[in-house]
Amino acid sequence: MAQKVWSWRWRMNNGDIDLTSDRYSMVGGNLVINNPDKQKDAGIYYCLASNNYGMVRSTEATLSFGYLDPFPPEERPEVRVKEGKGMVLLCDPPYHFPDDLSYRWLLNEFPVFITMDKRRFVSQTNGNLYIANVEASDKGNYSCFVSSPSITKSVFSKFIPLIPLPERTTKPYPADIVVQFKDVYALMGQNVTLECFALGNPVPDIRWRKVLEPMPSTAEISTSGAVLKIFNIQLEDEGIYECEAENNRGKDKHQARIYVQAFPEWVEHINDTEVDIGSDLYWPCVATGKPIPTIRWLKNGYSYHRGELRLYDVTFENAGMYQCIAENTHGAIYANAELKILALAPTFEMNPMKKKILAAKGGRVIIECKPKAAPKPTFLWSKGTERLVNSSRILIWEDGSLEINNITRSDGGVYTCFVENNKGKANSTGTLVITDPTRIILAPINADITVGENATMQCAASFDPALDLTFVWSFNGYVIDFNKENIHYQRNFMLDSNGELLIRNAQLKHAGRYTCTAQTIVDNSSASADLVVRGPPGPPGGLRIEDIRATSVALTWSRGSDNHSPISKYTIQTKTILSDDWKDAKTDPPIIEGNMEAARAVDLIPWMEYEFRVVATNTLGIGEPSIPSNKIKTDGAAPNVAPSDVGGGGGSNRELTITWAPLSREYHYGNNFGYIVAFKPFDGEEWKKVTVTNPDTGRYVHKDETMRPSTAFQVKVKAFNNKGDGPYSLTAVIHSAQDAPSEAPTAVGVKVLSSSEISVHWEHVVEKIVESYQIRYWASHDKEAAAHRVQVASQEYSARLENLLPDTQYFVEVRACNSAGCGPPSDMIETFTKKAPPSQPPRIISSVRSGSRYIITWDHVVALSNESTVTGYKVLYRPDGQHDGKLYSTHKHSIEVPIPRDGEYVVEVRAHSDGGDGVVSQVKISGASILSPCLLGFLLPALGILVYLEF
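In this text the structure is predicted, and so the values were computed from the model without any measurement.

Participant: I tried to follow the overall build of the protein on my own but got confused; where do I start?
Facilitator: Scanning the protein from N- to C-terminus turns up one helix and 91 strands. A compact globule built from 951 residues should have a C-alpha radius of gyration of about 30 Å, whereas the protein, at 52 Å, is more than 25% larger. Principal-axis analysis of the C-alpha atoms gives the protein an extent of 140 × 105 × 100 Å. Taken as a whole, the protein presents about 51,500 Å² of accessible surface, with 50% of it coming from carbon and sulfur. The distance from the centre of the 97 positive side-chain charges to the centre of the 111 negative ones in the protein is 1 Å.

Okay, structure coming up:
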């Protein structure tokens, strides 16, 4: 085969480009233009690529030069507008290309841009700034800022002074649409933007709709409402769109149409094709688009034909590179293909006849004869020396194949296919061998089983012993894959020439027609049988809910499959928001017979959202439920359940607190649910009633300054909704709140424990209505309103106050309290906390083992001026890893502790003062070694002891 050698030519505006010029260069087939110039290089380009088989032409490309001129240098006149009136500032952009500008407006200086909202809008169509009604705050200097993303350049105009003129009262005026979108032609898949803005006072609201059709799902409306964007527009989005602007003075409407068109797209395009010389060719090339594309053809890069291409009696002149071009107003698509014309003498070299052809007795065989030849040859068949012609059993096809029907043993032998055209002759030979036919001798028989049982489908066949036999089973026309379906389907491999099928644990889905096919490489034979699987009923269908009432609904349905066992009854099930479970409903009639297709669900909860489904039952079990109905809500009704646990009492002074258990949602029965609370003095005659509208509350507090403390009241509560009132609860007896204590605690005293703790003590008040005592305390540098509070039980005589500031003056007072409040305060006590404990830890200078004890020595801690004086030291001797141990106190700077018997111990040392304990230092010791935080191993010569210290 000749090697393809490519060459390229480029043309601009239908003229050849001189590729020898320094201004042009080629990289592969790509054209590179050096230092492009608008005057010389703007235009339409295309490439011609050719090799020894022909030439093709590329799609066209347009080279354009973008520009954005500056704004004119002339000053722009000032604009005066009365406040409340609408106005427009014109941008008037300079000359530019392409037309893809974006617009913003500067206010007074760069880079302060105005923000668009419902009152102000910048059109991206013409760049103008629109203000629906001018306010005093709009005063300033405005400049139109224009950007071209194609050439990444921006320019801005001279500033326009805007001067709002004050009005005593701004006059309202109706909406007036001044930014109106025009009819738009959009290409399918593009994004489309429509603008609509109105002047008016008050600022109009803008609404969008598609006339007589729903808005596209990809449509988005800007926050201000002035811009409608449709993303990835499709043909079905074509139509009339309307924007409506409205304020309280009037409305305005505007409509325009979006036409959606489409770029050409192939339905069927050409491919490389070979045809015989002298034959005819229809080469289909079909495209869709909007407008409908036209078709034109190029051959070897030059115009050849328009429309449908048909070639008759082709010759070598028709060979070449063809291009089918589909084009409309939006562009063109190209399909390239090579047409080869073939002319050669017949040859079986690539596709000889099979040397051995097998055929079953009584069957049918097709012996193919497919030489390569052009033009198409004539065909002649012979068996041995006998020429074959068409008969009742023998047919020679147009493509040369030989068909023999009702084969007998005598049809075996040697067959030869002879072919001839004007280029030459050829023949090919094969032998036909006749085999015994394949026959089903034991066919499967129909079976009837119940879900879960096993079934056996028998199948046995006779066949030619020289061949291999296989069995293929299919179910309802689909071949069974035993690798995937091995749970339910199994083969019996124990029997020769037997394809028995075992169906295990059969389900309803396994009912149907089973076909056994016994096959060899020569022929096959099939037999079928039906399997009936009886089981629980299928799901009922067509469920409808009708005649909805407060406590019942009517249901109708259509019967589903009974799965070969009559339906005995139906069950109606319901589900509500109260539970995710389906529950059996009470029905009318109570038992729904299997021949019924309607019933009523009763004893439902009023004003409750329900879903329903129906389940059928037969003697073999409960079937699958129907598809659930749409959710419905029963009608409302007056409540019929009274609140429980009515009680109360206590609370603040001059209050009556009434409590109850709120009714759950299922007992609301309607909208506007609430409670009516009734109460009266125990011996009173007239009930006072109040309404509580919160359905979730269970408490009402009645305040009355004339109410006496601890007065007995009778109380009762009932529920209500928009349908009426429910029954009252049982009457309960409660008492109004008692008075707060009137006495103040006496003999209040304070004991300072440390820099951060004090203890407060007092004597109890005589009154019996005290439930607790409250201690209030605050530092002298804080306000009393920021006082801390500690509450203790009424039986307590003292309380410890912790986390205080060191060396600080505190004020303390005590009050007696109950549920009605706290009584008067005690005399205020003034106290000072002690100075803070030492902040420096003792520095352990040695840990020495001496006999059965350790001697731990540390430096004395000197307190700072704002710290408490050191009065001694506390030493904790504890096992490592535990918090408890033995505590020692000493005024010395050393201590002796026993050697640990096992494991390691920690010795903690801290200074002690009136202000509390200071920071701890520690050292680890053991029976084998001494572990110090600050010393390395050293020799103590005076004691003659070797001591090991480690960090």
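Participant: Would you mind going over the environment of Gly512 with me for this structure?
Facilitator: By the secondary structure assignment, Gly512 is in strand E54 (residues 512-519). Given a relative accessible area of 17%, Gly512 falls into the buried group. Separated by 292 residues in the primary sequence, Gly512 and Glu220 place their C-alpha atoms 52 Å from one another. In this view, Gly512 contacts Phe475, Asn476, Ala529, Asp530 and Leu531; residues no more than four positions away in its chain are not counted.

Participant: Please clarify how the state of the cysteines should be interpreted in this entry.
Facilitator: Disulfides are covalent bonds that connect the sulfur atoms of two cysteines. Summed over all chains, the structure comprises six disulfides. Here Cys369 connects covalently by a disulfide to Cys417, the sulfurs 2.0 Å from one another. Across the disulfide from Cys369 to Cys417, rotation about the S-S bond amounts to roughly -80 degrees, and the bridge is consequently left-handed. Of this pair, Cys369 sits in the loop between strand E38 (365-367) and strand E39 (372-374) while Cys417 sits in strand E44 (residues 413-421), and the two are 48 residues apart along the sequence. Cys417 shares its class with Cys369; the two are buried. A sulfur-sulfur separation of 1.9 Å characterises the disulfide bridge that pairs Cys459 with Cys516. Across the S-S bond of Cys459 and Cys516 the torsion is about -80 degrees, and the bridge reads as left-handed. Residue Cys459 is found in the loop between strand E48 (455-457) and strand E49 (460-462), and its partner Cys516 is found in strand E54; the two are separated by 57 residues along the sequence.

Participant: What should I look at first to understand the confidence of the model for the protein in this one?
Facilitator: Parts of the prediction with low pLDDT should not have their coordinates interpreted in detail. With 96% of its residues at a pLDDT of at least 70, the protein reaches an overall mean of 88. Within the model, pLDDT remains below 50 along residues 929-951, and this stretch shows 48 contacts once partners closer than five positions in the same chain are excluded.

Participant: Looking at this structure, I do not really get the environment of Gly538. What am I missing?
Facilitator: Position of Gly538 among the secondary structure elements: in the loop between strand E55 (524-534) and strand E56 (541-546). The residues contacting Gly538, other than those within four sequence positions of it, are Ser561, Asn563, Ala616 and Glu624.

Participant: Would you take a moment to explain the UniProt feature "domain: Ig-like" (unreviewed entry) in the protein for this structure?
Facilitator: According to UniProt, the feature "domain: Ig-like" (unreviewed entry) maps to residues 9-64, 70-156, 174-259, 264-340, 346-433 and 437-534 in the numbering used here. The distance from the first to the last C-alpha atom of residues 70-156 is 8 Å, and the span holds 0% helix and 45% strand. Secondary structure content for residues 264-340 is 0% helix and 65% strand, and the end C-alpha separation is 28 Å.

Participant: It is not clear to me how the sheet that holds strand E53 (residues 501-503) should be interpreted in this structure. Could you clarify?
Facilitator: As a general point, the strands of a sheet are linked pairwise by backbone hydrogen bonds and lie either parallel or antiparallel. Pairing within the open sheet is antiparallel, and its three strands lie in the order E48-E53-E52. If you trace the sheet from one side to the other, it starts and ends with E48 and strand E52 (489-491), each paired once. The sheet shows a mean angle of 25 degrees between the axes of neighbouring strands, direction not considered. Taken together, the three bridges between E52 and E53 define a ladder with antiparallel strand orientation. From the neighbouring strand, Arg491 faces E53, where its bridge partner is Leu501.

Participant: Hey, could you run me through the pattern of salt bridges in this one?
Facilitator: Close approach of charged atoms allows side chains with opposite charge to pair. Inspection of every chain in the model, using the stated rule, returns 43 salt bridges. Residues Arg600 and Asp547 are paired through a salt bridge, measuring 3.0 Å at the closest nitrogen-oxygen approach. Of this pair, Arg600 sits in strand E62 (residues 598-602) while Asp547 sits in the loop between E56 and strand E57 (553-558); the two residues are 53 residues apart in sequence, bridging distant segments of the chain. Look at Arg600 and you get buried, because its relative accessible area is 16%. Asp547 gets classed as partly exposed once you look at its relative accessible area, which sits at 40%.

Participant: Mind showing me how you'd approach the side chain of Thr833 here?
Facilitator: Its location among the elements puts Thr833 in the loop between strand E81 (829-832) and strand E82 (844-850). In this structure the side chain of Thr833 is engaged in a polar contact, spanning 2.7 Å, whose partner is the backbone oxygen of Leu805. Within the structure, the side chain of Thr833 is placed 3.0 Å from the backbone nitrogen of Asp807, a separation counted as a polar contact. Contacts of Thr833, omitting those with residues within four sequence positions, involve Val752, Ser754, Ser755, Ile758, Leu804, Leu805, Pro806, Asp807, Thr808 and Tyr810.

Participant: Just checking my understanding: could you explain the layout of surface pockets for this structure?
Facilitator: Over the atoms, a rolled probe matching the size of one water molecule traces out where space is still vacant. In this model, the largest pocket occupies a volume close to 380 Å³. Residue lining of the largest pocket: 16 residues in total, with Thr125, Phe181, Lys182, Thr193 and Glu195 positioned closest to the centre. Secondary-structure elements contributing two or more residues to the lining of the largest pocket are strand E19 (173-179) and strand E21 (192-195). It is E21 that contributes the most residues to the lining of the largest pocket, four residues altogether. Taken as a whole, the second largest pocket encloses approximately 310 Å³ of empty space. Forming the walls of the second largest pocket are 16 residues, and the residues nearest its centre are Thr574, Thr576, Lys583, Ile605 and Tyr610. When residues of the lining of the second largest pocket are traced back to their parent elements, those giving at least two are strand E58 (567-575) and strand E59 (583-584). Across the lining of the second largest pocket, the residue classes tally to six nonpolar, three polar and seven charged.

Participant: Please clarify how the sheet that holds strand E43 (residues 402-404) should be interpreted in this entry.
Facilitator: The sheet built from three strands is open, its strands ordered E38-E43-E42 with antiparallel pairing. Edge positions in the sheet fall to E38 and strand E42 (394-396), since each of these pairs with one other strand and no more. Neighbour-to-neighbour, the strand axes of the sheet open up by a mean angle of 15 degrees, direction not taken into account. One ladder, built from three bridges, connects E42 with E43; its direction is antiparallel. In the strand pairing of E43, Leu395 is matched with Glu403.

Participant: Got a minute to help me understand unusual backbone geometry in this structure?
Facilitator: Trans peptide bonds make up the majority, and among non-glycine residues the majority have a negative phi. Of note, the amide linkage connecting Phe97 to Pro98 takes the cis form, showing an omega dihedral of 0 degrees. Tracing the chain through its elements places Pro98 in the loop between strand E11 (96-97) and strand E12 (102-107). Residue Ala374 is joined to Pro375 through a cis peptide bond whose omega torsion reads 0 degrees. Tracing the sequence through the fold places Pro375 in the loop between E39 and strand E40 (378-383). One non-glycine residue, Asp807, adopts positive backbone phi at about 50 degrees. With respect to the element layout, Asp807 can be found in the loop between strand E78 (798-801) and strand E79 (809-818).

Participant: Would you mind showing me how to read the nonpolar core here?
Facilitator: When a protein is soluble and globular, its nonpolar side chains tend to lie buried together. Core analysis: the biggest nonpolar cluster contains 28 residues, and Phe181, Leu194, Phe197, Ile206, Trp208 and Ile258 have the highest contact counts within it. The set of elements that each furnish at least two residues to this core consists of E19, E21, strand E22 (197-201), strand E23 (205-210), strand E25 (227-230), strand E26 (239-247) and strand E27 (250-268). Looking at which element gives the most residues to this core, the answer is E19, with four residues. Grouped together as the second largest cluster of nonpolar side chains are 24 residues, Ile440, Ala447, Phe482 and Leu501 included.

Participant: I tried to follow the packing of aromatic side chains on my own but got confused; where do I start?
Facilitator: The final tally for this structure, using the stated rule, is 20 aromatic pairs. Both rings, one in Tyr877 and one in Tyr905, keep their centres 4.8 Å apart while their planes meet at 25 degrees; by these two values the pair is stacked. Of this pair, Tyr877 sits in strand E84 (residues 870-879) while Tyr905 sits in strand E87 (residues 904-913); the two residues are 28 residues apart in sequence, bridging distant segments of the chain. Take Tyr905: its relative accessible area is 21%, and that puts it in the partly exposed class. Clustering of aromatic rings is evident, with ring pairs tying together Trp283, Trp297, Tyr304 and Tyr322. Here Arg23 stacks its cationic end above the ring of Tyr24, 5.3 Å away from the centre of that ring.

What counts and how
Every chain is numbered independently, its residues counted from 1 as its sequence is written. In view of the model being predicted, local features appear only for residues whose pLDDT reaches at least 70, and side-chain atom pairs are presented and counted only at 80 or more, with totals across whole chains, interfaces and linings using the full set of residues. To get the side-chain values, take all heavy atoms of the structure and skip hydrogens and water. Numbering of helices and strands starts at the N terminus; helices are DSSP runs of H or I of at least 4 residues and strands are runs of E of at least 2. The quantity called the radius of gyration is restricted to C-alpha atoms. Its globule counterpart is 2.2 Å times the number of residues to the power 0.38. The protein chains shown are the only cover counted for residues, whose accessible areas, like all others here, come from Shrake-Rupley with a 1.4 Å probe. Here Asp and Glu are counted as negative and Lys and Arg as positive; His is not counted, and neither are the chain ends. A single reference atom marks each charge: NZ on Lys, CZ on Arg, CG on Asp, CD on Glu. Burial classes follow relative accessibility: with a 1.4 Å probe on protein chains only, a residue under 20% of its type's maximum area counts as buried, one over 50% as exposed, and anything between as partly exposed. Whether two residues touch is decided by their heavy atoms; if any such pair falls within 4.5 Å, the residues are in contact. Note that a disulfide, as used here, is simply two cysteine sulfur atoms within 2.5 Å. The quantity called pLDDT is the predictor's confidence in a given residue, expressed from 0 to 100. UniProt positions are given in the numbering used here, feature names are shortened, and annotations may be inferred rather than shown by experiment. The pairing criterion is simple: DSSP has to find at least two bridges between the two strands. Axes here refer to lines fitted to C-alpha atoms; in helices the fit is confined to the stretch in contact. Angles between the N-to-C directions go from 0 to 180 degrees. Counted as salt bridges are all cases of a side-chain nitrogen of Lys or Arg within 4 Å of a carboxyl oxygen of Asp or Glu. The definition of a polar contact used here is a pair of N or O atoms within 3.5 Å, where within protein one atom must be able to donate a hydrogen and the other to accept one, and adjacent residues in sequence count solely through side-chain atom pairs. Here a cavity means grid points, on a 1 Å grid over the protein atoms only, where a 1.4 Å probe fits yet cannot get out; a pocket means an open set of points with protein on both sides within 12 Å along at least five of seven lines; lining residues are those with an atom within 4 Å of a point. Grid points are joined across faces, edges and corners, and a volume is the space filled by probe spheres set on the points. For this classification, Asp, Glu, Lys and Arg are treated as charged, while Ala, Val, Leu, Ile, Met, Phe, Trp, Tyr, Cys and Pro are nonpolar and the rest, including Gly, are polar. Only buried residues count toward a nonpolar core, which is a set of Ala, Val, Leu, Ile, Met, Phe, Trp, Tyr and Cys residues joined through side-chain atoms within 4.5 Å. Under the pairing criterion, centres of Phe, Tyr and Trp rings, with the six-membered ring standing for Trp, must be within 6.5 Å; the plane angle then separates stacked pairs below 30 degrees from edge-to-face pairs above 60, leaving the rest tilted. Sitting over a ring, as applied to charges here, requires NZ of Lys or CZ of Arg to be within 6 Å of the ring centre and within 35 degrees of the ring normal.

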